[in-house]
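The chain contents come next:
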Amino acid sequence: MAMSNHIYMDNAATTALDPQVLEAMMPYLTDNYANASGTYNPASKARSAVNKARKIIADMIGAEPDEIFFTSGGTESDNIAIQGVVRALFPKEKRPEVISDDLEHPAVRETLKALAKTHLIDLKMASTDIEGFILPSAVSDSIHKHCGLISVMHANNEIGTINDIRGISEIAHEQGYTVHTDAVQSFGHIPVNVDMLGVDLLSASAHKLGGPKGVGLLYVRRGTAISPIMFGGGQEKGLRSGTYNTAGIVGFGRAAELAAERIRTDSDRIIKLRERLVSGIMGGIPHTILTGPVSGTDGQRLPGHASFAFKGVQGSSLVIGLDIKGICASTGSACSAGSNEPSHVLRALKLPADYINGSLRLSLSHNTTAEEVDKVIEAVKNEVFKLREIFGN
Ligand code: PLP
């Protein structure tokens, strides 16, 4: 479903709730409001619906249902993964080594920074290359101990780079490290399989794939040492206490099912639209950098993801100009949107100084049309030229 009166090009921030997802959720928002942990019949129906969603998602990522833990979203999943593994390592390792990188979403970065600040972990940042890849060799170079945690994102939310998580997992496991990946941007957009990736923990979030906001999951491979980081009623085997968000979880399951289908049917079309957008902007606006992977090799960039840096332009002004024209876009992450500070990702990529403030992320979905893409190309061209003229660049 399209957003009325707007061209929505910010699907990496969040997506439209699919009407079929809403339909699946409705019974649990209206008639059956029972607590899924209850003992009566409606409660047991709600519990079955939660477990059906668990099975759908487990099958989709090649996991067992008892390895899926429902949470309130990607942020919580990242926190449980990182803090939970660190807590579990703690009796043996007083200050476990955690290896990550400068391109992570704040849900990972800020969690790690907080743990490092209180001396609970020894934090090492693996280097990144100019296209935003965290290479297995860079992770390997950062390993100094015999056990710890490695957390590297599957796909980047600002520039769409897809990392070689399998290569990283192989190196990590040889050294006795546990591996977590934040797959919030990739799950539902490209195939995600925990055995192919070789990970022990994986985070995902429903609202990035046509599901509702406020529901996510953490995959934890059987046998992975992890402790709860919050305590309560003991739901989700004590790892994530709190009353089940039945409607949200049912919606997540349905959204995952629809996304799996769309990966097969729609990815090529979305990639073609993205390429049309990229060539329209790169060909029409001089002094523009395509941020993220440039080689064009399949599988290196998320299908619906395009991001740019324009010389001599403020990305935040560009986003405002596009908004006035009815186009929803972003400078990068939601956190840096509206601020004049370059994002931590662009800083890590070491873009030239006169480009670093000029970032724009355009993220497409299966709802995006060629007509919308063409309108966006024209609007971006007009805005960039106008801003360059105003500021004499
Ligand atoms: N990780 C990544 C890579 C993201 O893009 C996001 C959301 O933008 C999150 C984590 C946080 O997910 P949520 O909004 O479900 O808390």
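Read on for an overview of the structure. What you see is a predicted model; the values in this text were computed from it and never measured.

Rules and cut-offs
Starting from 1, residues in each chain are numbered consecutively following that chain's sequence as written. Restriction of local features to residues with pLDDT of at least 70 applies here, the model being predicted, together with a cutoff of 80 or more for giving and counting side-chain atom pairs; totals for whole chains, interfaces and linings are based on all residues. The basis for every side-chain value is the complete set of heavy atoms in the structure, and neither hydrogens nor water enter the calculation. Residues are labelled near a given molecule or strand when at least one of their non-hydrogen atoms is within 4 Å of it. Distance and chemistry together define a polar contact, namely a pair of N or O atoms within 3.5 Å, with one atom able to donate a hydrogen and the other to accept it when in protein, and with adjacent residues in sequence counting only for side-chain atoms on both sides. Working definition of accessibility: Shrake-Rupley area with a 1.4 Å probe, residue cover restricted to the visible protein chains. The residue classification treats Ala, Val, Leu, Ile, Met, Phe, Trp, Tyr, Cys and Pro as nonpolar and Asp, Glu, Lys and Arg as charged. All others, Gly included, are polar. Each Phe, Tyr or Trp ring (for Trp, its six-membered ring) is paired with any other whose centre lies within 6.5 Å, and the angle between the two planes then decides the class: stacked below 30 degrees, edge-to-face above 60, tilted in between. Here the term buried applies to any residue with accessible area under 20% of the maximum for its type, exposed to any over 50%, and partly exposed to those in between, with areas from a 1.4 Å probe on protein chains only. We call a charge positioned above a ring when the Lys NZ or Arg CZ atom is no farther than 6 Å from the ring centre and deviates by at most 35 degrees from the ring normal. Helix and strand assignments follow DSSP, with helices taken as H or I runs no shorter than four residues and strands as E runs no shorter than two, numbered in order from the N terminus. Expected helix span is computed as 1.5 Å times (number of residues minus one). Here, residues are in contact when the closest pair of their heavy atoms is within 4.5 Å. Here the nonpolar core consists of buried residues drawn from Ala, Val, Leu, Ile, Met, Phe, Trp, Tyr and Cys, with membership extended through side-chain atoms lying within 4.5 Å. Any two strands between which DSSP finds at least two bridges are classified as paired.

### Brief notes about the site of the ligand
Near the ligand you find 13 residues, and of these T75, D182, Q185, S205 and K208 are the closest. For the ligand, an oxygen atom lies 3.4 Å from a polar atom in the side chain of H105. Between the ligand and the protein, one listed contact pairs a nitrogen atom with a side-chain N or O atom of D182 at 2.6 Å. Its free accessible area being 390 Å², the ligand has 85% of it covered by the protein chains. Here the shell around the ligand is built from residues that sort into two nonpolar, eight polar and three charged.

### Quick notes on the packing of aromatic side chains
Summed over the entire model, instances satisfying the criterion amount to three aromatic pairs. Ring geometry for F308 against F310: centres 6.0 Å apart, planes inclined by 25°, an arrangement best described as stacked. F310 matches F308 in its accessibility class, with the two residues each being buried. Feature note: the residues F70, F187 and F252 constitute an aromatic cluster, connected by ring pairs. In this structure, K94 packs its charged tip against the face of F90, placed 5.2 Å from the ring centre.

### With respect to helix α4 (residues 106–117)
In this model, α4 (12 residues) spans 15 Å end to end at C-alpha, consistent with the 16 Å of a helix rising 1.5 Å per residue. Taken together, the buried positions of α4 are P106, A107, V108, R109, T111, L112 and L115. Among the structural elements, α3 (74–89), β3 (97–101), β4 (122–126), β5 (148–151), β6 (177–182) and α10 (344–348) are those in contact with the buried residues of α4.

### Considerations on the nonpolar core
In a soluble, globular protein the nonpolar side chains are often hidden away together inside. Formed by 57 residues in total, the largest nonpolar core has its most connected members in I68, F70, I150, F187, Y219 and F252. Examining the composition of this core, we find that seven residues originate from one element, helix α8 (residues 246–284), more than from any other. Every residue in contact with F187, bar those within four places of it in the chain, is listed here: I57, M60, I61, V192, A204, L209, F252 and A256. Counting residues in hydrophobic clusters, the runner-up holds 28 residues, among them L273, I285, A329 and L360.

### Thoughts on the pairing of β5
Going residue by residue along β5, you find G148 and I150 tucked away on one face and L149 and S151 tucked away on the opposite face as well. In this sheet, β5 lies alongside β3 in parallel orientation, the contact comprising three bridges. Considered in β5, the bridge of I99 is made with I150. Sheet analysis places β5 next to β6, joined by four bridges and oriented parallel. Its bridge partner being in β6, I150 is matched across the sheet by V179.

### Some thoughts on unusual backbone geometry
One non-glycine residue, H119, lies in the positive phi region at around 60°. Here H119 shows up in the loop between α4 and β4. Its relative accessible area of 52% is what places H119 among the exposed residues. Here the phi dihedral of K350 falls at roughly 55°; this positive angle occurs in a residue that is not glycine. If you trace the backbone, K350 turns up in the loop between α10 and β12 (359–363).

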